[in-house]
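Coordinate analysis (summary)
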Amino acid sequence: MATVRLWSDGEAEADPRVKAVFDDIRATRGSPFINNFWRGLANQPAVLERTWRSLKQVMAADGALDPLTKELIYIAVSTANGCSYCIHSHTAAARAKGMSEAQHGELLAVIGMASETNALVTAMQIPVDPEFQA
């Protein structure tokens, strides 16, 4: 259960700042859907605006990484941080951007392998090889 009120479309329409962000989310994503993350952030319009602006700049802008790669990274970091909501949201986004079941399976294998070896190297406190330091 959410710890904040999730804004309805009617409530968002009544607040110009929230309405502007929701309209931009819809336009950017080409979808009428506004997910609960944004509906919860609407309680703090300044945070909603800042977060959408930052996320849009990182995830939606053209860059050196293609959109699917960005989503895969987001899934991996969300897994490491234990954020179930973001895992689900960005897995759906990755699928919409063309992620196959084989790619998803391989991603999960990489996440699992990295988690295992990270834990081992941390437990053993292995020093970083000079060749790996820039």
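For the structure, check the block above.
Now for a description of the structure that goes with this document. (Residues numbered from 1 in each chain as written. Predicted model: local features only at pLDDT ≥ 70, side-chain atom pairs only at ≥ 80, totals over all residues. Heavy atoms only, no water.)

The next subject is the state of the cysteines. The final tally for this structure, using the stated rule, is zero disulfides. Take cysteine 83: it sits in no disulfide, and the sulfur closest to it among the cysteines is that of cysteine 86, at 3.3 Å. (Disulfide = S-S within 2.5 Å.)

A few words on unusual backbone geometry. Its identity is not glycine, yet glutamine 125 carries a phi of approximately 50°, on the positive side. Looking at the secondary structure, you find glutamine 125 in the segment after helix 7 (101-124). Accessibility expressed as a relative area gives 60% for glutamine 125, which makes it exposed. (Helix = DSSP H or I, 4+ residues; strand = E, 2+ residues; numbered from the N terminus. Buried < 20%, exposed > 50% of the residue type's maximum accessible area, 1.4 Å probe, protein only.)

Structurally, the position occupied by glutamate 11 is in helix 1 (residues 9-14). Sequence separation between glutamate 11 and threonine 122 is 111 residues; the distance between their C-alpha atoms is 48 Å. Leaving out residues up to four positions away in the same chain, glutamate 11 has contacts with Arg5 and Leu6. A distance of 2.7 Å separates the side chain of glutamate 11 from the side chain of arginine 5, its partner in a polar contact. (Contact = heavy atoms within 4.5 Å. Polar contact = N/O pair within 3.5 Å; in protein donor to acceptor, adjacent residues only side chain to side chain.)

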